[in-house]
Amino acid sequence: MDRRACAAPACLVFVHMFYPEPVSRLVLADLNPAQHRAATYGDGPLLAIAGAGTGKTKTLAARVAYLIDQGVPPERILLLTFSRRAAQEMLGRAGQMVGRTQVAKVWGGTFHAVANRLLRVHGHAVGVPPNFTVLDQSDCADLMNLIRTEQGWSESKRRFPKKDTLAAIYSRTVNTSIKLGQVLETWFPWCADDLDDMRGVFQMYLARKREQAVLDYDDLLLFWKALLQAPQAGELIAGSFDHVLVDEYQDTNALQADILASLRRSSRNITVVGDDAQAIYSFRAATVKNILAFPERFPGAEIVKLEQNYRSTPPILAVANAVMGEARQQYDKELWSRRPGEARPRLVTCLNETQQAQVVCDRVVEHLEQGIPLTHQAVLFRTGHHSDLLEVELTRRNVPFVKYGGLKFIEAAHVKDMLAFLRILENPDDDLAWFRVLQLLDGMGPRHAQAVLGQLRGQHSPGEARPNGALDRFLAEPVEAPVAASKQLDELRNALRDARSLGPAQRVERLRRFYDPVFERAYDNAAVRVRDLEQLEQLAGTYGTTRDFITDLTLDPPASTSDLAGPPLLEEDYLILSTIHSAKGCEWDVVHVIHAADGNIPSDMATGSAEEIDEERRLFYVALTRAKDWLHVYFPLRYYHRRHGRGDAHSYAQLTRFISPAVKAHFELDVVYDEQDSDALEAEAVARTPVDALLNQLWAD
DNA sequence: AATATCCGTATTTTT
DNA sequence: TACGGATATT
């Protein structure tokens, strides 16, 4: 049946009379009044404030389905999400309502992925060639470092910001659209003296990127914005979407808000969904202002609030609400739930990190025996390495797990190497890729690599269009290089020559024949890493072009190595370990939050300002609200310092400040160590220093 | 003189 | 993983 024929509601009723049940009816019957209002809102701007677990995904999915059902062509719907996973989830659900083939045409993905897609087609309008390659954050930092070194800053006596700081400052400036001087003053005051020199570095950074046809993450957004302002292309792109929907709007930045405004110059159909209480990405220049100012930027916006929580039991919500109730800024919503379940969240005080790891393992297994599979349980923590000890313990006990966040597949040196080969083939002007590849050869350090690169580029002064042909030149004529490298240089030449005419998977295969021997000498645990390369090769096989393969890999990197693993592994049951940031939008039956100590949550790195602490509080809130039925929060009393071989240097932790006495009252308090241990510990603490004794009293209650 | 190599140490969160 | 600093190698 052709649903697109029935555009008007009256027509739906008509269909209802003659067909068993029109799809949109089925969908909407399931929604509460607020969700229904959001899903079926007509034309014009719509702001949905959706608290944690209030069925946001369901509502947005229903809205997509509803729009399609109303006759909006799916390819004229743009759904911007925070991650690829979120887009897939939402479109998957919408697909169940109106059919997969329809939904497959919807433009869905992250801002960056959509920008990439548009720029491949329309980039010429803003001077972006279609074969551009994308720099990830560490590539940017590397490029900054290259310039930094060339400028002599690495040998200079004067302190000058390091590459990561430079990249962070640059990105912050771009994403906030604030002048460099003010950015330094506000967020990097210790670098304020370097303003002028930094300006020079950034100018060179820009010039380099342009001549190499590479874009960094920020460029994707900047050029998308520019594209929208270009006379013809802008009109064309803005006009090609009837509806724009944005998820997690609280975590978008000024640049993204500008893009949306440009995108909606004529049509006013825009839906944004978000929760100001869950804003946790200000370090990426996201600003809650976007969501707060939405009604002003899009006058006449309808505001819908989703407050009924379907995820968590009342006792879990009570804790979460109590934590947010003590926030400086008050949020005018409070979640409530009708879900059955009385199990109170548990606050587990452990002696130390080791015991914490053991108790977490114990409880995970208890829940497993109770019938809750590992995949329905998650351990959440503030930073990637917080799970180190736990990982060891889980491995020891043969509990399989998958870790999200932390060190990613794409950041592994050998994966970056392979990607660099592919980047050369895709975009021979990508000097960063050349630089990396050349240094893999024997006797080739930064100096020689630079020299070879100079030869490949030919005589060329900055700013001047370069003759296309670093790769052609490399394949055609020998280069001057250290003797030690000459044999490998020939092999590299052959590998690149052969690979050029092959498809993605065959390319990786051919390049590996060159790379594997190099790599086995370069890295110690080569055996483990080889598996990654095999997986990379396999993954490449699922792509039609190398271009798609490598951009996808940089824009939506697999969150964990197991993302790449084949079906057999995925069918197994495994525990989820995740940073709280990566846990956004997810939910589990059982959630274990570990390291709930001040210094970890809030992180020591983020206690500089009241705003930062507020964000840490929201982060803790996000962690708590991931739990459906059981919530365990763990707190180790004692932290050992980095082992220097001697003694047992340690310090005493304080329970996170976000669990105040009032909040604590909502918890079931678990003591998992002997009273004796605790007494001994206390005595020791008292004896050690008066300061520790004071601290000790603070949590002694 | 220019690189390569080894060692110890620190590292927030991510598109 | 990347760095700074030291030493070894060409």
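One structure accompanies this document, and this report is about it.

Scoring rules and cut-offs
Every chain's residues receive numbers from 1 upward, in the order its sequence appears when written. To read the labels, note that chains go from A and ligands from 1, taken in the order they are written. In keeping with the model being predicted, local features are shown solely for residues with a pLDDT of at least 70 and side-chain atom pairs are shown and tallied solely at 80 or more, while totals for entire chains, interfaces and linings include all residues. To obtain the side-chain values, all non-hydrogen atoms of the structure were used and water was disregarded. Throughout this description, the term nonpolar core refers to a set of buried Ala, Val, Leu, Ile, Met, Phe, Trp, Tyr and Cys residues connected via side-chain atoms within 4.5 Å. Partly exposed describes any residue whose relative accessible area lies between the buried limit of under 20% and the exposed limit of over 50%, with all areas from a 1.4 Å probe on protein chains only and scaled to the type maximum. Per the convention used, a helix needs a DSSP run of H or I reaching at least four residues, while a strand needs a run of E reaching at least two, with both numbered from the N terminus. Here, two residues are considered to be in contact whenever any of their heavy atoms come within 4.5 Å of each other. Every helix has an expected span of 1.5 Å times one less than the residues it contains. In these notes, residues near a molecule or strand are those with any non-hydrogen atom within 4 Å of it. In protein, a polar contact requires one atom able to donate a hydrogen and another able to accept it; more generally it is a pair of N or O atoms within 3.5 Å, and residues adjacent in sequence count only if both atoms are side-chain atoms. For this classification, the nonpolar set comprises Ala, Val, Leu, Ile, Met, Phe, Trp, Tyr, Cys and Pro, the charged set comprises Asp, Glu, Lys and Arg, and every other residue, Gly included, is treated as polar. Each salt bridge in this description consists of a side-chain nitrogen of Lys or Arg and a carboxyl oxygen of Asp or Glu lying within 4 Å of one another. For two strands to pair, DSSP has to find at least two bridges joining them. Here, axes are lines fitted to C-alpha atoms. For helices the fit covers the stretch in contact, and angles between N-to-C directions go from 0 to 180 degrees. Relative orientations are named as follows: roughly parallel for angles under 35 degrees, roughly antiparallel for angles over 145 degrees, roughly perpendicular for angles from 65 to 115 degrees, and oblique for any other angle. Throughout, a crossing is termed right-handed when the near helix is turned clockwise from the far one, and left-handed when it is turned anticlockwise from it by less than a right angle.

So, on to the nonpolar core. Of all hydrophobic cores here, the largest spans 113 residues; its most connected members are Trp224, Trp434, Leu496 and Tyr515. The dominant element in this core, judged by the number of residues it contributes, is helix 20 (residues 413–426), at eight residues. Sequence-distant contacts of Tyr515, defined by excluding residues within four places in its chain, comprise His414, Asp417, Met418, Phe421, Leu440, Tyr523 and Leu533. Counting 43 residues, the second largest nonpolar core, distinct from the first, contains Ile580, Ala596, Val633 and Leu655.

Another aspect to go through is helix 20. The end-to-end C-alpha distance of helix 20 is 20 Å, a good match for the 20 Å that 14 residues give at a rise of 1.5 Å each. Counted residue by residue, helix 20 has 13 buried out of 14 residues, so it is predominantly covered.

A few words on the protein's contact with DNA strand B. Lining the immediate environment of DNA strand B, one finds 25 residues, of which Arg284, Arg382, Met444, Gly445 and Arg447 sit closest. Protein-proximal atoms of DNA strand B, defined as those within 4 Å of the protein, fall in sugar or phosphate at a share of 56%. At a separation of 3.3 Å, a base oxygen of DNA strand B approaches a polar side-chain atom of His112. The side chain of His581 places a nitrogen or oxygen atom 3.5 Å from a base oxygen of DNA strand B. At three residues, the largest contribution of residues to the surface near DNA strand B is made by helix 22 (residues 446–457). The residue makeup of the surface near DNA strand B, split by class, is eight nonpolar, twelve polar and five charged.

As enumerated under the stated definition, the model contains 50 salt bridges in all. Across the pair Arg339 and Asp629 runs a salt bridge, and its minimum N-O distance is 2.6 Å. Of this pair, Arg339 sits in the loop between strand 10 (336–337) and strand 11 (346–352) while Asp629 sits in strand 16 (residues 627–640), placing them 290 residues apart in sequence. For Asp629, a relative accessible area of 19% corresponds to the buried category. Here Asp589 ties to Lys628 by a salt bridge, and the two come within 3.6 Å at their closest N and O atoms. Of this pair, Asp589 sits in strand 15 (residues 588–593) while Lys628 sits in strand 16, and the two are 39 residues apart along the sequence.

Across the sheet, which stays open at both edges, the six strands sit in the order 3-2-6-7-1-8 with parallel pairing between neighbours. In this open sheet, the two edge strands, each paired with only one partner strand, are strand 3 (107–110) and strand 8 (302–306). Between one strand axis and the next, the sheet turns through 15 degrees on average, direction left out of account. As judged from the five bridges shared by strand 1 (residues 46–50) and strand 8, these two strands associate in the parallel manner. The residue of strand 8 that forms the bridge with Leu46 is Glu302. Its contacts with the sheet put helix 3 (residues 33–40) on strand 1 and strand 8, and the angle it makes with strand 8 is roughly 140 degrees.

Attention now goes to the protein's contact with DNA strand C. With respect to spatial proximity, the complete set of residues near DNA strand C consists of Lys162, Lys163, Glu411, Ala412, Ala413 and Arg529. Among all atoms of DNA strand C positioned within 4 Å of the protein, those belonging to sugar or phosphate total 100%. Between DNA strand C and the protein, one listed contact pairs a phosphate oxygen with a side-chain N or O atom of Lys163 at 2.8 Å. Taken together, the residues of the surface near DNA strand C sort by class into two nonpolar, no polar and four charged.

Let's shift gears to the pairing of strand 11. The buried count for strand 11 comes to six of seven residues, which makes it a mostly enclosed element. Two elements, strand 11 and strand 18 (residues 668–671), share four bridges in a ladder whose sense is parallel. Across the sheet, the residue bridging to Leu347 is Leu669, located in strand 18. The pairing of strand 11 with strand 16 spans six bridges and is parallel. Opposite Leu347, over in strand 16, you have Val633 as the bridge partner.

Bringing the packing of helix 8 (residues 137–150) against helix 11 (residues 195–212) into the picture now. Helix packing geometry: the angle between the two helix axes and the distance between the axes. Relative to each other, helix 8 and helix 11 sit at 120 degrees, their axes nearing to 10 Å. What the angle tells us is that helix 8 and helix 11 run oblique. As for how helix 8 packs across helix 11, the hand of that crossing is right-handed. Contacts from Cys140, Leu143, Met144, Leu146, Ile147 and Glu150 of helix 8 reach helix 11 at Val201, Phe202, Met204, Tyr205, Arg208 and Lys209. Among the residues making up the contact of helix 8 with helix 11, the classes are represented as nine nonpolar, no polar and three charged.

A few words on the side chain of Asp417. As for its placement among the helices and strands, Asp417 is situated in helix 20. Within the structure, the side chain of Asp417 is placed 2.6 Å from the side chain of Tyr515, a separation counted as a polar contact. Residues contacting Asp417, with those up to four places away along its chain left out, are Arg436, Leu440, Tyr515 and Tyr523.

Here we come to the pairing of strand 2 (residues 77–81). Counting buried residues in strand 2 gives five out of five residues, a clear majority hidden from the surface. Of the two faces of strand 2, the one lined by Ile77, Leu79 and Thr81 and the one lined by Leu78 and Leu80 are each fully buried. Bridge count between strand 2 and strand 6 (residues 243–246): four bridges; the pairing is parallel. What sits directly across from Ile77, in strand 6, is His243.

Viewed as axis vectors pointing N to C, helix 4 (residues 56–69) and helix 5 (residues 84–98) meet at an angle of 45 degrees, and their least axial separation amounts to 8 Å. Compared by their axis directions, helix 4 and helix 5 come out oblique. Relative to helix 5, helix 4 is oriented so that their crossing is right-handed. Each of Thr57, Lys58, Leu60, Ala61, Ala62, Val64, Ala65, Ile68 and Asp69 in helix 4 lies in contact with helix 5, whose residues at this interface are Glu89, Met90, Leu91, Arg93, Ala94, Met97 and Val98.

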